[in-house]
Amino acid sequence: MFAYFKNLLLPISTIALCTLTSCNKEFKDGDYTAYFGGEIINPNNRYVLLLKDNEVVDSILLDDKNRFFKKFDSLAPGMYTFRHEPEYQYIYFGKNDSLMLRLNTKEFDNSLVFCGRGDQKNNFMIEMFLKNESDKDYEVFDESYKDFTKSIDSSLKVKKAFYLRRKTEIGWDDKFDVYAKASIDLNHLAKKEIYPMAHKRRTGEDLSHKLPANYYAFRKEIDYNNEDLTTYMPFVRYMTAMLNNIAYSNCNSEKDYEKHALGCNIKKLNITDTLFKNSKVKNGVLNNIAFTYLLEDQNMANNKKFLERYFKLSTDKSRHNEIRKISSAAQYLKPGNKLPTESFVNTFGEKVDFNHMVKGQTIVFFWTQSSKSHLEAVHKKAHALKAKYPDLNFIAINMDDSKEDWLKTLASYDFRDTVELHATDLQKLKDEWVITKIHRVILLNGNGTIKNAFVSLFDANFEEHLK
């Protein structure tokens, strides 16, 4: 298997650390000692963060050999994330696990491998993640119901067989099994939720009256109140798809989606309030709805109505200021406004006036060297659009801290259709342009004013925004 083959490639230094942390030491019932360490090849910065439910547990410094190691006197078992900006991945700690990892930021997910006590569960998780990523195919939503069902059921069967085999071999406990099953089942069910809406948007065909009467029966089988899953991405992705499917069921065009955005998002808040009994899960879903909506609708009156309902339902006071901050910043990115002034340098190291770079209708996109697949895909998409629309202008903004690494990465490619810039004050750019995800693009009019500040270059209907 892929991840286990990679174990054979670990350097001697890492093998030695794994040996030290995987010994069969006996632990007392009340002893929750755990270890976390590893090696980062081509690091983006000097830190690795360990988080639980999006809250930082510890910040661990890399040494001069790009390694890190930390003993925790008490670490509660459960799902965590580790972050090496701007990337992150999940890591599961059982009681007294001693986990070492090794990865190369150039191929973050594909190079990641674990060793030490508890490694097999985590290698299973990364293998399942890669299977789900390789299984993404938006064209499947164009298919008839019969072909769509056959396709996703076939994929599910393969993943289930892999899951059952590894579960038998490893023998993990029920607590870990919650995450293992969710990584398969919720990914599958999200496709079922997305299908009717995506099929209508992509093909124009409304399947709402053609689906079997029991099509959504699976919703009754989902545990909506398991707080262990609150921030787990397969759960978040499924809940987003399900709420969108219900809220936007009567929308038939892009204009409908825009016209009814406020009402549909308040509907999602109300459904969440009714569906979830666990306050932690409910607040997590409410926050996700709020973050997403505020980046889509820059109408101040709408935002006020939305936030009134959100604040009435949410009891997560710790997130309220963050929601207000995003709402306030997003107001400056309304169509017709100019982007807040930021500082950039070009490939010659010269400071540039961003407004002078805008020549005609302009698409601004973002990339980082740590996400090679996106880096290549977004430039390829820009090249294809430039061939189709020669008058389009493309500005590519690098989001890495190191200007030297940016230039080194560019030297490996031949990007001729884009103006390449590097942000010199990254945090200010993120805050004022509200950049919360790398896939976001900004569309500008020829005079430099905003046409749409929150779109995706990979949206099937993106070209509609160019008209």
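Everything below is about the structure printed above this text.
Rules used throughout
- Residues numbered from 1 in each chain as written.
- Predicted model: local features only at pLDDT ≥ 70, side-chain atom pairs only at ≥ 80, totals over all residues.
- Heavy atoms only, no water.
- Core = buried A, V, L, I, M, F, W, Y, C linked by side-chain atoms within 4.5 Å.
- Buried < 20%, exposed > 50% of the residue type's maximum accessible area, 1.4 Å probe, protein only.
- Helix = DSSP H or I, 4+ residues; strand = E, 2+ residues; numbered from the N terminus.
- Contact = heavy atoms within 4.5 Å.
- Expected span 1.5 Å × (residues − 1).
- Phe/Tyr/Trp six-rings, centres within 6.5 Å; stacked < 30°, edge-to-face > 60°.
- Lys NZ or Arg CZ within 6 Å of the ring centre and 35° of its normal.
- Axes fitted to C-alpha atoms, helices over the stretch in contact; angles between N-to-C directions.
- Parallel < 35°, antiparallel > 145°, perpendicular 65-115°, else oblique.
- Left-handed = near helix turned anticlockwise from the far one by under 90°.
- Nonpolar A, V, L, I, M, F, W, Y, C, P; charged D, E, K, R; others polar.
- Pairing = 2+ DSSP bridges.

J.: I would appreciate a short explanation of the nonpolar core in the present structure.
T.: A general feature of soluble globular proteins is that nonpolar side chains tend to end up buried together. Core analysis: the largest hydrophobic core is formed by 79 residues, its most contacted members being Tyr238, Phe306, Phe354, Ile397 and Trp433. For this core, the element with the most residues is helix 6 (residues 174-203), which contributes 9 residues. In contact with Phe306, not counting residues within four places along its chain, are Leu262, Asn265, Ile266, Leu269, Ile289, Ala290, Tyr293 and Leu294.

J.: Quick question: what am I supposed to make of helix 9 (residues 261-275) here?
T.: An α-helical turn contains 3.6 residues, so any two residues separated by three or four positions project in the same direction. Look at helix 9: 21 Å from first C-alpha to last across 15 residues, which is about the 21 Å you get at 1.5 Å a residue. Burial in helix 9 covers these residues: Ala261, Leu262, Cys264, Asn265, Lys268, Leu269, Ile271 and Thr272.

J.: Can you help me understand the packing of aromatic side chains in this one?
T.: What characterises a pair of aromatic rings is the spacing of the ring centres plus the angle enclosed by the ring planes. Per the stated rule, a full pass over the model turns up 30 aromatic pairs. Arranged with centres 6.0 Å apart and planes meeting at 80°, the rings of Tyr88 and Tyr90 form a pair that is edge-to-face. Each member of the aromatic cluster is reached from another via a ring pair, and the members are Tyr88, Tyr90, Tyr92, Phe124, Phe162, Tyr163, Trp172, Phe176, Tyr179 and Tyr232. It is Lys95 that lies over the ring of Tyr32; its NZ or CZ is 5.1 Å from the centre.

J.: Please clarify how the packing of helix 6 against helix 7 (residues 233-247) should be interpreted in this entry.
T.: The N-to-C vectors of helix 6 and helix 7 enclose an angle of 20°; their axes lie 8 Å apart at closest approach. Between helix 6 and helix 7, the angle falls in the class roughly parallel. For helix 6 against helix 7, the interelement crossing comes out left-handed. Of the residues in helix 7, those in contact with Ala182, Ser183, Leu186, Leu189, Ala190, Glu193, Ile194, Pro196 and Met197 of helix 6 are Pro234, Phe235, Tyr238, Ala241, Met242, Asn244 and Asn245. In terms of residue class, the contact of helix 6 with helix 7 is built from 12 nonpolar, 3 polar and 1 charged.

J.: It is not clear to me how the packing of helix 5 (residues 145-170) against helix 6 should be interpreted in this structure. Could you clarify?
T.: Axes are the key here: two packed helices are described by the angle between their axes and the distance separating the axes. Where helix 5 contacts helix 6, the axes come no closer than 11 Å and their chain directions differ by 175°. With respect to helix 6, the element helix 5 is oriented roughly antiparallel. Along its contact with helix 5, which presents Tyr145, Phe148, Ile152, Asp153, Ser155, Leu156, Lys159, Lys160, Tyr163 and Lys167, the element helix 6 presents Asp177, Ala180, Lys181, Ile184, Asp185, Asn187, His188, Lys191, Lys192 and Tyr195.

J.: Help me understand unusual backbone geometry, please; the structure alone is not making it clear to me.
T.: Among all residues save glycine, negative phi is the norm, and among peptide bonds the norm is trans. A positive phi angle, near 70°, is found at Asn54, a position not held by glycine. Within the element layout of this structure, Asn54 appears in the loop between strand 2 (47-52) and strand 3 (55-61). Asn54 gets classed as partly exposed once you look at its relative accessible area, which sits at 48%. Residue Val434 is not a glycine yet carries a positive backbone phi of 50°.

J.: Looking at this model, I keep getting lost on the sheet that holds strand 1 (residues 34-41). Mind explaining?
T.: Strand pairing in a sheet relies on backbone hydrogen bonds. The paired strands run either parallel or antiparallel. With mixed pairing, 4 strands are arranged side by side in an open sheet as 4-1-7-8. A single partner strand is all that each edge strand has here, and the edge strands are strand 4 (67-72) and strand 8 (113-117). Adjacent strand axes in the sheet meet at a mean angle of 15° when their direction is disregarded. The sheet contact formed by strand 1 and strand 7 (residues 98-104) spans 7 bridges and is parallel. For Glu39, the partnering residue across the bridge sits in strand 7 and is Arg102. Docked against the sheet, helix 4 (residues 119-134) engages strand 7 and strand 8, running at close to 160° with respect to strand 8.

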